[in-house]
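Each chain is listed here by its residues.
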Amino acid sequence: MPVKIDVNGELVTAYLEGEIDHHSARVMRNDIDSAIERNMPSMLILDFRDISFMDSSGIGLVMGRYKNLKKNNAELHITNTSPQIYKVMKLAGLERLAKIDKVGSK
Amino acid sequence: MITNVLKLVIPSKSSNESFARVAVASFVAQLDPTLEEINDIKTAVSEAVTNCIVHAYKESMGNIYITVQVIDNLTVKIKVRDNGCGIDNIKQAMQPLFTTGGEERAGLGFAVMESFMDKLSVKSKDGKGTVVTMQKKLSIRIS
């Protein structure tokens, strides 16, 4: 399972696992979207601690979930990004959509 | 002077995206790059190969030809070539956020390649295919 979902009231945390590329992003997207649909969170945390690599497919994944959450006025928070992941997110300007915490910042 | 070469041919299956970037990264690893340099190269290769799969061979299957040249043991030159549909308007394709890949594609593939590598050039012929050439000079390590 590339995504583990943890529900705590209105807070849903998705722990992503493995590598995010065009090949793997589809399964992750479906898992996260069904968790959003089921739980209608007011905040979704995407936890990247177990992601070892991400290319721009990860940006598509994050932006797509952001749009989904926005329909319900819910917030997105990104945590535990490695330097490689943070660099890709920064290039895309994702920090304008969500709060991004680097790995080890909490 | 070209001091080492890797040639790789893989079919455009999305499961090969991971293999392609890891293979190139392992080849480059013998030059003792920094972790950031190796990650930059891995990410750029992943973008180029994904473009072949998602765009060049959209509805079909074809070969992706990857050549990595090491120049003077310091510069890495990577060519990713396909015989796919070609890019209509390269300038537009290279614009950040422009995509024909649908909702879930960010349109940042070329932007990543451009910013993570030192040089990027794209050549394409309608119906014939595309060649992406990118180059990165590694930092000199004191050994």
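Since the model is a prediction, treat every value here as computed from it, not as a measurement.

1. What about unusual backbone geometry?
A positive phi angle, close to 55°, is found at Asn 80 of chain A, a residue other than glycine. Secondary-structure assignment places Asn 80 of chain A in strand 4 (residues 75-81). Assessed through its relative accessible area of 16%, Asn 80 of chain A is described here as buried. Phi at Leu 97 of chain B is positive, roughly 80°, even though this residue is not glycine. Secondary-structure assignment places Leu 97 of chain B in the loop between helix 3 (90-93) and helix 4 (109-116).

2. Describing helix 1 (residues 16-29) of chain B
Its 14 residues give helix 1 of chain B an end-to-end C-alpha distance of 20 Å, which sits within 8% of 20 Å, the value for a rise of 1.5 Å per residue. Burial in helix 1 of chain B covers these residues: Asn 16, Glu 17, Ala 20, Arg 21, Ala 23, Val 24, Ala 25, Phe 27 and Val 28 of chain B.

3. So, the environment of Asn 39 of chain A
Residues and elements named next belong to chain A. Tracing the backbone shows Asn 39 in helix 1 (residues 22-39). The partly exposed category is assigned to Asn 39, whose relative accessible area is 25%. Every residue in contact with Asn 39, bar those within four places of it in the chain, is listed here: Val 7 and Val 12. Within polar-contact distance, the side chain of Asn 39 engages the backbone oxygen of Ala 35 at 2.8 Å.

4. Re the sheet that holds strand 3 (residues 43-54) of chain A
Residue and element names in this part refer to chain A. Pairing within the open sheet is mixed, and its five strands lie in the order 1-2-3-4-5. In the strand order of this sheet, the two ends are held by strand 1 (3-8) and strand 5 (99-102), each with one partner. The average undirected angle you get between the axes of adjacent strands in this sheet is 15°. Both strand 2 (residues 11-20) and strand 3 contribute to a ladder of nine bridges, which runs parallel. Across the sheet, the residue bridging to Ile 20 is Met 54, located in strand 3.

5. Some thoughts on the layout of surface pockets
All names here are of chain B. Its volume calculated, the largest pocket comes out at about 570 Å³. Forming the boundary of the largest pocket are 27 residues, of which His 55, Ile 87, Ala 93, Thr 100 and Phe 110 lie nearest the centre. When contributions to the lining of the largest pocket are tallied by element, the ones reaching two or more residues are helix 2 (35-56), helix 3, helix 4 and strand 5 (129-137). Broken down by element, the lining of the largest pocket gets its largest block of residues, six residues, from helix 2. Taken together, the residues that form the lining of the largest pocket break down as ten nonpolar, eleven polar and six charged.

6. A few points about the interface of chain A and chain B
At the interface, 22 residues of chain A touch 25 residues of chain B. In this assembly, chain A packs against chain B so that about 1,900 Å² is buried in total across both faces, 54% of it on carbon and sulfur atoms. It is His 22, Lys 87 and Leu 91 of chain A in chain A that bury the most area against chain B; as a group they hold 30% of the surface buried on that side. Here Arg 65 of chain A makes a salt bridge to Glu 104 of chain B, at a shortest N to O gap of 2.9 Å. Counting every contact that joins chain A to chain B gives 14 residue pairs in polar contact (both at pLDDT 80 or more).

7. Section: the nonpolar core
Counting 36 residues, the largest nonpolar core has Ile 41, Ile 64, Ile 66, Val 68, Ile 78 and Met 134 of chain B as its most contacted members. Among the elements of the structure, strand 1 (2-11), helix 1, helix 2, strand 2 (63-71), strand 3 (75-82), helix 4, strand 4 (119-125) and strand 5 of chain B are those that each provide at least two residues to this core. Here this core gets nine residues from one element, more than from any other, and that element is helix 2 of chain B. For Ile 64 of chain B, the contacting residues outside a window of four places in its chain are Leu 8, Val 9, Ile 10, Ser 12, Val 49, Cys 52, Ile 53, Tyr 57, Val 80 and Arg 81 of chain B. Formed by 34 residues, the second largest nonpolar core is a distinct cluster that contains Leu 46, Ile 51, Leu 61 and Ile 78 of chain A.

8. Considering helix 2 (residues 56-70) of chain A
All names here are of chain A. With 15 residues, helix 2 extends 21 Å from end C-alpha to end C-alpha; this agrees with the ideal 21 Å at 1.5 Å per step. Within helix 2, eleven of the 15 residues are buried, which leaves the element mostly enclosed by the surrounding structure. Where helix 2 is concerned, the buried positions are Ser 56, Ser 57, Gly 58, Ile 59, Gly 60, Leu 61, Val 62, Met 63, Gly 64, Arg 65 and Leu 69. Its side-chain oxygen at 2.8 Å from the backbone nitrogen of Ser 57, Asp 55 defines the N-terminal cap of helix 2.

Basis of the calculations
Residues numbered from 1 in each chain as written. Chains lettered and ligands numbered in written order. Predicted model: local features only at pLDDT ≥ 70, side-chain atom pairs only at ≥ 80, totals over all residues. Heavy atoms only, no water. Helix = DSSP H or I, 4+ residues; strand = E, 2+ residues; numbered from the N terminus. Buried < 20%, exposed > 50% of the residue type's maximum accessible area, 1.4 Å probe, protein only. Expected span 1.5 Å × (residues − 1). Contact = heavy atoms within 4.5 Å. Polar contact = N/O pair within 3.5 Å; in protein donor to acceptor, adjacent residues only side chain to side chain. Pairing = 2+ DSSP bridges. Axes fitted to C-alpha atoms, helices over the stretch in contact; angles between N-to-C directions. 1 Å grid on protein atoms, 1.4 Å probe; cavity = no way out; pocket = protein on both sides within 12 Å on 5 of 7 lines; lining within 4 Å. Points joined across faces, edges and corners; volume = space filled by probe spheres on them. Nonpolar A, V, L, I, M, F, W, Y, C, P; charged D, E, K, R; others polar. Buried area = accessible area lost by both parts, 1.4 Å probe. Salt bridge = Lys/Arg side-chain N within 4 Å of Asp/Glu carboxyl O. Core = buried A, V, L, I, M, F, W, Y, C linked by side-chain atoms within 4.5 Å.

Keep in mind these numbers describe shape, not what the thing actually does.
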